[in-house]
Amino acid sequence: MTEIEWWDYDDADEMAAAVAGDIQFIIESAIDARGSAVIALAGGNTPLPAYKLLAEAKLDWKKVTIIPGDERIVPLGDPLSNVTALAKIFLPKGARVKPIVPEATKDYKAAGRSADALMQDLHWPLDFCLLGVGTDGHTASIFPGPDYEEAVAGPKERRALGVMPDPLPPEAPVARVTLSREAIVTARAVMIAVTGQAKRDIIEKAIKQGPLSEYPIGRVLADVELPIDIHWAA
Ligand SMILES: O=C1O[C@H](COP(=O)(O)O)[C@@H](O)[C@H](O)[C@H]1O
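Residues numbered from 1 in each chain as written. Predicted model: local features only at pLDDT ≥ 70, side-chain atom pairs only at ≥ 80, totals over all residues.

**Quick notes on the overall build of the chain**
Then comes step 1: For the chain, the helix and strand inventory stands at 8 helices and 10 strands.
Then comes step 2: In summary, the chain has a C-alpha radius of gyration of 16 Å against a globular reference of 17 Å for 234 residues, a match within 12%.
Then comes step 3: Principal-axis analysis of the C-alpha atoms gives the chain an extent of 45 × 40 × 30 Å.
Then comes step 4: By the burial criterion, 44% of the 234 residues in the chain qualify as buried. (Helix = DSSP H or I, 4+ residues; strand = E, 2+ residues; numbered from the N terminus. Rg over C-alpha atoms; globule rule 2.2 N^0.38 Å. Buried ≥ 20, exposed ≤ 12 C-beta atoms within 10 Å, placed from the backbone.)

Quick look at the structure:
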């Protein structure tokens, strides 16, 4: 198991400021080292305050490419669309925000294949991947269901795939496209940002369970080589 460090904050605002500061530093370092930064950001609600603060940072945003680390298969502009939330915040800054599901389709497997093909246009490994975690233990859109093993242990060259969660999560009950575990854990830096005791309990349990964890976050964290920071506020 990798080195995992918890960073605890008094409230979500304090956490958002710290997360935004760390991502800014990672982006600056990537631009200094390679001339550009390619980052995958978590969807959902938890990281939005951090993204709003990050967008205020003085960065050479034209050199920054942002993809969602996972996407709900819904039309662009839909309130559930992860890339739409990212685009609203970062497009006005000049960043390149790339949808990984440009068109909603009923064939989630085909959406996954086309996202995997789109990944070829990016430089790899990712400079950074931010993960969220659901109260059911999913991370990115890696969920139990028919695509689970492919997501956590599929071919190493598979960077994205279509996923049908089973059961469907009530907050966004739709098929998904997600980065694979391999694409996530080979990023140059991986960070988790979560709020609430329930998510903390799940992550702690998942880490204890190790590679045989019942939770997707446990399967993703198992045997990761790079150190991972987990930012948490109650
Ligand atoms: O469905 C999703 O859920 C997780 C957690 O979202 P949150 O709103 O509880 O923070 C998120 O990380 C993932 O990207 C998203 O698609």
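From this point, the discussion proceeds with the structure in view.
**Things to note about the site of the ligand**
Then comes step 1: Taken together, 13 residues lie around the ligand, and Gly43, Gly44, Asn45, Thr46 and Gly132 are the ones closest in.
Then comes step 2: Tallied by class, the residues present in the shell around the ligand amount to 3 nonpolar, 8 polar and 2 charged. (Near = placed C-beta within 6 Å. Nonpolar A, V, L, I, M, F, W, Y, C, P; charged D, E, K, R; others polar.)

**Observations regarding the UniProt feature "domain: Glucosamine/galactosamine-6-phosphate isomerase" (unreviewed entry) in the chain**
Then comes step 1: UniProt records the feature "domain: Glucosamine/galactosamine-6-phosphate isomerase" (unreviewed entry) at residues 11-221, using the numbering of this structure.
Then comes step 2: The span residues 11-221 carries 38% helix and 16% strand; its end-to-end C-alpha distance comes to 25 Å. (UniProt positions renumbered as here; feature names shortened; annotations may be inferred.)

**Quick look at the confidence of the model for the chain**
Then comes step 1: Across the chain, pLDDT averages 97, with 99% of residues at or above 70.
Then comes step 2: Prediction confidence for the complex, expressed as pTM and ipTM, is 0.97 and 0.99 respectively. (pLDDT = per-residue confidence, 0-100.)

**Here we look at the sheet that holds strand β9 (residues 190-195)**
Then comes step 1: Taken together, 7 strands build an open sheet; the order of strands is β1-β10-β9-β6-β2-β3-β5 and the sheet is parallel. Each of the sheet's edge strands pairs with one partner strand only, and the pair in question is β1 (4-9) and β5 (96-97).
Then comes step 2: Relative to β5, strand β3 (residues 64-68) is paired through 2 bridges, and the arrangement is parallel. Note on β5: the bridge partner recorded for Ile66 is Val97.
Then comes step 3: This element, helix α1 (residues 12-34), spans β1, β2 (37-41), β3, β6 (128-131), β9 and β10 (228-233) of the sheet and lies at about 155° to β10.
Then comes step 4: The sheet contacts of helix α7 (residues 197-209) involve β1, β9 and β10, and relative to β9 the element is tilted by about 140°. (Pairing = 2+ DSSP bridges. Contact = placed C-beta atoms within 7 Å. Axes fitted to C-alpha atoms, helices over the stretch in contact; angles between N-to-C directions.)

**Observations concerning the sheet that holds strand β4 (residues 70-72)**
Then comes step 1: The 3 strands are arranged β4-β8-β7 in an open sheet whose pairing can be described as antiparallel. Of all the strands in the sheet, just β4 and β7 (160-163) have a single pairing partner and so form its edges. The average undirected angle you get between the axes of adjacent strands in this sheet is 15°.
Then comes step 2: Relative to strand β8 (residues 176-179), β7 runs antiparallel, the two sharing 4 bridges. Its bridge partner being in β8, Leu161 is matched across the sheet by Thr178.
Then comes step 3: Against the sheet, helix α4 (residues 108-118) engages β7 and β8, with an angle of about 165° to β7.

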